[in-house]
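Listed below, chain by chain, are the residues.
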Amino acid sequence: MKMLNLLFLMLFPSITMATENGFFCSNCSYEEAVEIAMREAAPTVHCVIHQMSSDEQVEQCSSLPKRFFVVNERSKQIFQLVVFHKHQKSQRQQLSLATRNGALRTEQQLSILKALAAKRLFFPLLLEMSDKLSGEASSNLRTDSGIQHADTSCYTDPHTQALEHAMSESHRMNLQLRARANYQQTLNKPAYSALKDIFKLWTFTSLGMHGGADQGGFDIRWEDNVRAYNFAETYTSTGGSFSQLRWGIYLTASDDLEVKLSPTTSVIGGFGLDALLGWPTGALPPKISSCLIDVLQNSYFARTIYEQANEKQSQHFEQTTDMIGRNESRDVGLNCKYSFFDRDDNLMMQFLSKCPL
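Notes on the structure follow. Remember, it's a predicted structure, so these values are computed and weren't measured experimentally.

### Thoughts on the nonpolar core
No. 1: One finds Phe122, Tyr183 and Leu296 to be the most contacted residues of the largest nonpolar core, which totals 60 residues.
No. 2: In terms of residue count, the dominant contributor to this core is helix H3 (residues 106-133) (ten residues).
No. 3: The contact partners of Phe122, leaving out residues within four places of it in the chain, are Tyr183, Leu195, Phe199, Phe204 and Leu251.
No. 4: Formed by 13 residues, the second largest nonpolar core is a distinct cluster that contains Cys28, Ala33, Phe68 and Val70.

### Overview of the packing of helix H4 (residues 158-167) against helix H8 (residues 290-299)
Axis angle and axis distance: for two packed helices, these are the angle between their axes and the distance between the axes, and together they describe the pair.
No. 1: Running from amino to carboxyl end, H4 crosses H8 at an angle of 15 degrees, the nearest separation of the two axes being 9 Å. Of the possible angle classes, the one that applies to H4 and H8 is roughly parallel. The hand of the H4/H8 crossing is right-handed. Only Cys291, Leu292, Val295, Leu296 and Ser299 of H8 make contact with H4, whose side of the interface consists of His159, Thr160, Leu163, Glu164 and Met167.
No. 2: A per-class count over the contact of H4 with H8 returns six nonpolar, three polar and one charged.

### Describing unusual backbone geometry
No. 1: With a phi angle near 65 degrees, Lys76 is a residue other than glycine that sits in the positive phi range.
No. 2: Positionally, Lys76 belongs in the loop between strand E4 (66-72) and strand E5 (78-86).

### Re the state of the cysteines
No. 1: Summed over the entire model, instances satisfying the criterion amount to four disulfides.
No. 2: The disulfide that involves Cys336 links it to Cys355, with 1.9 Å between the sulfurs. Between Cys336 and Cys355, the S-S dihedral sits near 100 degrees, and the bridge is therefore right-handed. Here Cys336, found in strand E17 (residues 335-341), pairs with Cys355, found in the segment after strand E18 (347-354); they are 19 residues apart in sequence, far enough to count as distant.

### Looking at helix H2 (residues 30-40)
No. 1: Here H2 has its buried residues at Ala33, Val34, Ile36 and Ala37. The arc that holds every buried residue of H2, seen down its axis, measures 160 degrees, which confines them to one face. More than 90 degrees from the buried face of H2, the exposed residues found are Glu31 and Glu35.

### What to know about the pattern of salt bridges
No. 1: Under the criterion given, the structure shown has nine salt bridges.
No. 2: Among the salt bridges present, the one from Lys119 reaches Glu73, with a minimum N-O distance of 3.3 Å. Of this pair, Lys119 sits in helix H3 while Glu73 is found in the loop between E4 and E5, placing the two residues 46 residues apart along the sequence. With respect to class, Lys119 is no different from Glu73; both count as buried.

Conventions and cut-offs
Residues numbered from 1 in each chain as written. Predicted model: local features only at pLDDT ≥ 70, side-chain atom pairs only at ≥ 80, totals over all residues. Heavy atoms only, no water. Core = buried A, V, L, I, M, F, W, Y, C linked by side-chain atoms within 4.5 Å. Buried < 20%, exposed > 50% of the residue type's maximum accessible area, 1.4 Å probe, protein only. Helix = DSSP H or I, 4+ residues; strand = E, 2+ residues; numbered from the N terminus. Contact = heavy atoms within 4.5 Å. Axes fitted to C-alpha atoms, helices over the stretch in contact; angles between N-to-C directions. Parallel < 35°, antiparallel > 145°, perpendicular 65-115°, else oblique. Left-handed = near helix turned anticlockwise from the far one by under 90°. Nonpolar A, V, L, I, M, F, W, Y, C, P; charged D, E, K, R; others polar. Disulfide = S-S within 2.5 Å. Arc of directions from axis to C-beta. Salt bridge = Lys/Arg side-chain N within 4 Å of Asp/Glu carboxyl O.

What follows is the structure, given as structure tokens:
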């Protein structure tokens, strides 16, 4: 029986191993490739408990080897490896991870090198495109958002426009359409013509690339997630503070583009967008302009209530520290605390601003 099993493994090695997987490294050695393979492709261990004649139980564990390759991007060298466990049929803790040299067919190696060529071509293309989309956003300010401002000067306030754009799905879709048009235009340049043929063999995924020769193809990953490239829309004001929205360009599985806002790197009036929308309700509320209050009331929260600020809150509001957004006069009207609630009527955040006129 053992001889039959051994013959079976020799005749049908593809059945006993997982689909080809690989990894792009910037400039790794063979030893570093081995470390990558053991980290990325450790085989799954399966254990069985055998009851002996006595009360003793014996654990026997085993795993199927995994083929894995690591590509040195600089030298184009392909390290072909098999990751496996030594000491099969032993207890789990006795299994030890190891590698041996593997083998890829010539057409497989050529296909992998085409994937590397695609990666090298594609990301400069994204960088070139993101540079074109970055810049001053004042010429693209929207005045048709549907938000009603009591103060008509809010319609031309850069910080207000930035927050409106951050909250607007239609603005995100407009940017996405611009990015896709720019992408197709850039892709048609002679320098990137080879990508069209490579895209027939390979598809970019959330973790890397998929495709190539052989049934089922390959999955290739890399160390840093360079699928996302950023571009920035900048909204400047005469007061010195600024707002900037940073957007990421992501390639979808269908080789199309998607644009997403990055709240962690976007700023409104010099204040982080994620911090602005995630301010803890137990803290002393920050001060924001009445224009920003209008945007939040109309496009982000389900319900808003306001009440006159208490003495401590009012003193905080009257301090000389600039508020978020444009710096509005503090000697006109009363100060209020605004509370914002989600659809389940949970208190989400609070701000200090001028009371409605």
